[in-house]
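If you want the building blocks of each chain, they are given just below.
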Amino acid sequence: MILSGTAIALAVTWAIIEILDKAFPPPLEVVRQTSKEVMDRDGNLLRAFAIPSGHWRLATTHKDVDPQFIEMLIAYEDQRFRDHGGIDPRAMGRAAVQLASHGRIISGGSTLSMQVARLIEPRTERSFFAKFRQMLRAVQIERRLSKEEILDAYLTLAPFGGNLEGIRAASLAYFGKEPRRLTTSEAALLIALPQLPERRRPDRYPENARAARDRVLNRLAVVSLIGNDEADRAAHLAIPKRRLAMPALAPHVSEAALRKDSQANVHHVTLKRSVQQALETVAMDSAKRLGPKISVAMVMADAISGDIIGEVGSSDYFDSSRSGWIDMTNVQRSPGSALKPFIFGLAFEDGLVMQETIIEDRPTNFSGYRPRNFDMSYQGDVTVREALQLSLNVPSVRLLDSVGATRLMVRMRRAEIKTTLPPGETPGLAIGLGGLGISLKDLVQLYTGLSNRGKASIISNGVDDRTKDGTNIITAEPLLQPAAAWQVADVLAGVKPPLGSMQRGLAYKTGTSYGYRDAWSVGFDGRYVLGVWVGRADNGAVPGLSGYGSAAPILFEAFSKSGVGFTPLSPAPVGTMRLRQSELPVSLRRFTPYLAPLVSASVRESPPQILFPPEGARVELSNQPDGSTAPLALKMQGGRAPFIWLANGKPLDKASRKRSGLWQPDGAGYSTLTVIDAVGRAASVRVFID
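The rules we used
- Residues numbered from 1 in each chain as written.
- Predicted model: local features only at pLDDT ≥ 70, side-chain atom pairs only at ≥ 80, totals over all residues.
- Heavy atoms only, no water.
- Helix = DSSP H or I, 4+ residues; strand = E, 2+ residues; numbered from the N terminus.
- Rg over C-alpha atoms; globule rule 2.2 N^0.38 Å.
- Buried < 20%, exposed > 50% of the residue type's maximum accessible area, 1.4 Å probe, protein only.
- Contact = heavy atoms within 4.5 Å.
- Areas by Shrake-Rupley, 256 points an atom, 1.4 Å probe, with all protein chains shown as cover.
- Lys, Arg positive; Asp, Glu negative; His and termini not counted.
- Charge placed at Lys NZ, Arg CZ, Asp CG, Glu CD.
- Pairing = 2+ DSSP bridges.
- Axes fitted to C-alpha atoms, helices over the stretch in contact; angles between N-to-C directions.
- Salt bridge = Lys/Arg side-chain N within 4 Å of Asp/Glu carboxyl O.
- Parallel < 35°, antiparallel > 145°, perpendicular 65-115°, else oblique.
- Left-handed = near helix turned anticlockwise from the far one by under 90°.
- Nonpolar A, V, L, I, M, F, W, Y, C, P; charged D, E, K, R; others polar.
- Phe/Tyr/Trp six-rings, centres within 6.5 Å; stacked < 30°, edge-to-face > 60°.
- Lys NZ or Arg CZ within 6 Å of the ring centre and 35° of its normal.
- pLDDT = per-residue confidence, 0-100.

Chemist: Could you give an account of the overall build of the chain, naming the residues involved and the relevant values?
Modeler: Scanning the chain from terminus to terminus reveals 21 helices and 20 strands. Whereas a compact globule of 690 residues would reach a radius of gyration of roughly 26 Å, the chain reaches 35 Å, over 25% beyond that. The buried share of the chain, reckoned over its 690 residues, is 53%. Long-range pairs, those at least 24 residues apart, make up 70% of the contacts in the chain between residues at least 6 apart in sequence. Per element, the accessible surface of the chain, about 31,700 Å² overall, is 55% carbon and sulfur. Considering the chain, the positive charge centre built from 84 side chains and the negative charge centre built from 69 side chains are found 3 Å apart.

Chemist: Could you give an account of the sheet that holds strand E1 (residues 36-39), naming the residues involved and the relevant values?
Modeler: Strand order in the open sheet formed by 3 strands is E2-E1-E5, and the pairing between neighbours is mixed. The two strands at the open ends of the sheet, each matched to only one other strand, are strand E2 (45-49) and strand E5 (266-268). Sheet twist, expressed as the mean angle between neighbouring strand axes with direction ignored, is 15°. The pairing of E1 with E5 spans 3 bridges and is classified as parallel. The residue bridging Val38 from the neighbouring strand is His267, located in E5. Along the sheet face, helix H12 (residues 251-260) touches E1, E2 and E5 and points at about 60° away from the line of E2.

Chemist: I'd like a rundown of the sheet that holds strand E14 (residues 618-619), residues and numbers included.
Modeler: Spatially, E14-E20-E19-E16-E17 is the arrangement adopted by the 5 strands of the open sheet, whose pairing is mixed. Pairing within the sheet leaves two strands with one partner each, and these edge strands are E14 and strand E17 (650-651). Bridge count for strand E19 (residues 669-676) against strand E20 (residues 682-689) is 8 bridges, and the pairing is antiparallel. In the sheet register, Ser671 faces E20, and the bridge partner there is Val687.

Chemist: Could you give an account of unusual backbone geometry, with specific residues and numbers?
Modeler: In this chain, Phe612 is followed by Pro613 through a cis amide linkage whose omega measures 0°. Each neighbour pair has its own omega, and for Ala641 with Pro642 the value is 0°, a cis peptide bond. Mapped onto the elements, Pro642 comes out in the loop between strand E15 (632-637) and strand E16 (644-647). The backbone of Ser323 shows a phi angle near 50°, a positive value even though the residue is not glycine. Structurally, the position occupied by Ser323 is in the loop between strand E7 (308-312) and helix H14 (340-349).

Chemist: Tell me what's going on with the pattern of salt bridges, and back it up with residues and numbers.
Modeler: For the coordinates displayed, the defined rule picks out 35 salt bridges. A salt bridge links Lys272 to Asp42, with the nearest nitrogen and oxygen atoms 3.1 Å apart. Within this pair, whereas Lys272 is found in the loop between E5 and helix H13 (273-290), its partner Asp42 is found in the loop between E1 and E2, the two being separated by 230 residues in sequence. Between Arg407 and Glu349 there is a salt bridge; the shortest N-O distance is 3.7 Å. In this pair, Arg407 is assigned in helix H17 (residues 405-414) and Glu349 in helix H14, connecting sequence segments 58 residues apart. Classification of Arg407 as partly exposed rests on a relative accessible area of 26%. Relative accessible area serves as the criterion here: at 6%, Glu349 is assigned to the buried category. Through salt bridges with shared partners, one network takes in Glu360, Arg362, Asp381, Arg398 and Arg590.

Chemist: An account of the packing of H14 against helix H19 (residues 482-492) is requested, with residue identities and associated values reported.
Modeler: At a minimum axis separation of 8 Å, H14 and H19 run at an interaxial angle of 130°. Taken together, H14 and H19 sit at an angle that is classed as oblique. Like other packed secondary-structure pairs, H14 and H19 cross with a definite hand, here right-handed. In this structure, H14 contributes Pro341, Phe344, Gly345, Phe348 and Glu349 to the contact, and H19 contributes Ala484, Gln487, Val488 and Leu492. Class assignment for the residues of the contact of H14 with H19 results in 6 nonpolar, 2 polar and 1 charged.

Chemist: Can you lay out the packing of aromatic side chains for me, pointing to particular residues and giving the numbers?
Modeler: Summed over all chains, the structure comprises 5 aromatic pairs. On the numbers, 4.9 Å between centres and 75° between planes, the contact of Tyr670 with Phe688 is edge-to-face. Note that Tyr670 is positioned in strand E19 and Phe688 in strand E20, a separation of 18 residues in sequence. In textbook terms, an aromatic cluster arises when at least three aromatic residues are bridged by ring pairs, as seen for Phe342, Tyr447 and Phe524. Between the NZ or CZ atom of Lys147 and the centre of the ring of Phe81, over which it lies, the distance is 4.7 Å. Positioned over the ring face of Tyr670 is Arg686, at 4.2 Å from the centre of the ring.

Chemist: Lay out helix H7 (residues 167-175) in plain terms, naming residues and giving numbers.
Modeler: For H7, the buried fraction is high: 9 of the 9 residues fall into the buried class. Restricting attention to buried positions, one finds in H7 the residues Ile167, Arg168, Ala169, Ala170, Ser171, Leu172, Ala173, Tyr174 and Phe175. Count one or two residues on from H7 and you reach Gly176, which has phi positive near 70°.

Chemist: Got a sec to walk through the environment of Ala250? Specific residues and values, please.
Modeler: Assignment of secondary structure puts Ala250 in the loop between helix H11 (228-235) and H12. Relative accessible area serves as the criterion here: at 1%, Ala250 is assigned to the buried category. It is 6.6 Å that separates the C-alpha atoms of Ala250 and Val312, two residues lying 62 residues apart in sequence. If near-sequence neighbours (up to four positions away) are discounted, Ala250 is found in contact with Leu271, Gln276 and Glu280.

Chemist: I'd love a proper account of the pairing of strand E12 (residues 528-535), names of residues and values included.
Modeler: In terms of burial, E12 is a largely internal element, 8 of the 8 residues being buried. As paired strands, strand E6 (residues 295-302) and E12 are joined by 8 bridges and run antiparallel to one another. What sits directly across from Asp302, in E12, is Tyr528. Here strand E11 (residues 518-524) pairs with E12 via 7 bridges, running antiparallel. Considered in E12, the bridge of Phe524 is made with Val529. Hairpin connection of E11 to E12: 3 residues between the antiparallel strands.

Chemist: Can you tell me about the confidence of the model for the chain, naming the residues and giving the values?
Modeler: On average, residues of the chain carry a pLDDT of 89, and 90% of them reach 70 or more. Low confidence marks residues 595-603, where pLDDT is under 50. Its contacts with residues over four positions away, or in another chain, come to 6 contacts.

Chemist: Got a sec to walk through the side chain of Asn648? Specific residues and values, please.
Modeler: Inspection of the secondary structure assignment puts Asn648 in the loop between E16 and E17. Of the residues examined, Asn648 reaches a relative accessible area of 8% and is grouped as buried. In this structure Asn648 touches Ala483, Val574, Gly575, Thr576, Tyr670, Ser671 and Thr672, once residues within four positions along its chain are discounted.

Chemist: Would you mind going over the environment of Leu346 in detail, with residue names and values included?
Modeler: Examined against the element boundaries, Leu346 turns out to sit in helix H14. Residue classification places Leu346 among the buried residues on the basis of a relative accessible area of 0%. Once the C-alpha coordinates of Leu346 and Tyr154 are considered, the two residues, 192 residues apart in sequence, prove to be 63 Å apart. Beyond its immediate sequence surroundings of up to four residues, Leu346 is in contact with Val403, Arg407, Leu408, Arg411 and Leu480.

Structure, rendered in structure tokens:
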């Protein structure tokens, strides 16, 4: 009779559990309501956002936590966790006996499953009914989740004082690190806190926290796991007495990631946390030194992959006096002289000048446009190298007048750069001195072409849609030919660093916009490009602001503290070199601008044109009887004799009146052939030698 009665009672109980299980399932969706996170390229947390209730609750799995912590937790809280079905009768019986004999709770009988039940459905009163409901929920949870998933729920929801929920939030707040590697002392503290999270908060009640930690270390099951010596050593370590701020790096990028996909809980970007943290620190410190209302923005990109590894939209996102919420990496402002390297690059590409070509820096009138240098003085005759290094305005405009402002705009469009001109204006000579708008991000993208042998990479932080398919690519058309890009980089690498900055092999250029509103500096090595903007977000003038004095020191400091290794600039392409002035052909020793009205009156010939090889030709050289390759025949028409032929910027021979020549390539690959006539007109083709 007793056995049959017991069987009937068990059957009824089981039937009730089945009915309740289907009618009242546990609210497990709470476990999925976690903070939104922005992760860097290596999976490190850049920024987290609190859930609507204001709590920090970071999604956590047992794989995210130190394995020793998991074993210590089970040993302390629920030794038979892996064996029971949600309720541990032995633990419940022990707790009941202790309560009856001592008149108070000595040890709890709750399993980890029961604790998860309490966390997903907090009880408002302490009663036997509430306990029974918790036990029922524990059984329901065990039927739905694996043991690992139950652990994950506990690790995500457990309270740690204040608005901290879950072990990741607690570890970041109290130890400043993810819980992947915890010391024994840290693990014991995190095990102790959820039992009485408010009364044991180490930032408010350090003695209570220490005592609770030591009780964990003294539990026999824990000691048998970690050993007496390790328990004694851990008990002598200090307790953290302050709470750290949660990670809040890359605020502008993080906000953009949430706007792009508001449903996702985890967002991945291309930034690197160590680089981002270093750049933000430099930006904040620099802005404070420069004065009130001044902000600093920076973008650092990998010129090869196009990945942005550091992006600072303002010096301090939360500083309203500097309008820190405005992302200045995307705002179009005048770049000042920062576009000059690309003017010189086109002139090198066309064979109009070499580095040691003499060019005039004197007052000049370009059909009513009279550019003046930044310091209002003139240098007279200078080399092209000096003109770019000193950022002289008149030589730059002379070259832009020859290569064409529209052509410069076309090259920038090749690099997928967006610019704006003043309303109603067409591209003119003023764009060479900052007469257009461009964003810092686009300027950095433009400079990737100088770091990457003339090929610009479309840069992206993984959030902005700067590429069609979401992947970083190199633009289809080169920004500059490799030889011209090398010549520009070689010149910029010779610019002296700002006073007090260490020379680290950077090539860089500065720019200052009209009215002292924007200061720029963009630097690069053989792998990374870093752009810096300094100014006021409200476009106000800042007396004394300059690219060299304000932005360049930040550039060098940020590059140094970013932690990226230095990569040497690309070597010169085959056949490209820096020639002394005495080695230049006569027509390249001094720059003589091509003036169309003058030439049409005195020169009847048409401009020179290369007939063979044609542009883009793929040429396979034939072999001679002795085994060597035969030279390539060159043919041209038009122009005024004598003519100078150049291969990759290097003269092939003395000036000749013939409209043909021979060229012996140094090796396979792309090469640029240029012919220059007696009045300085040039024609170029790019060919590939098999």
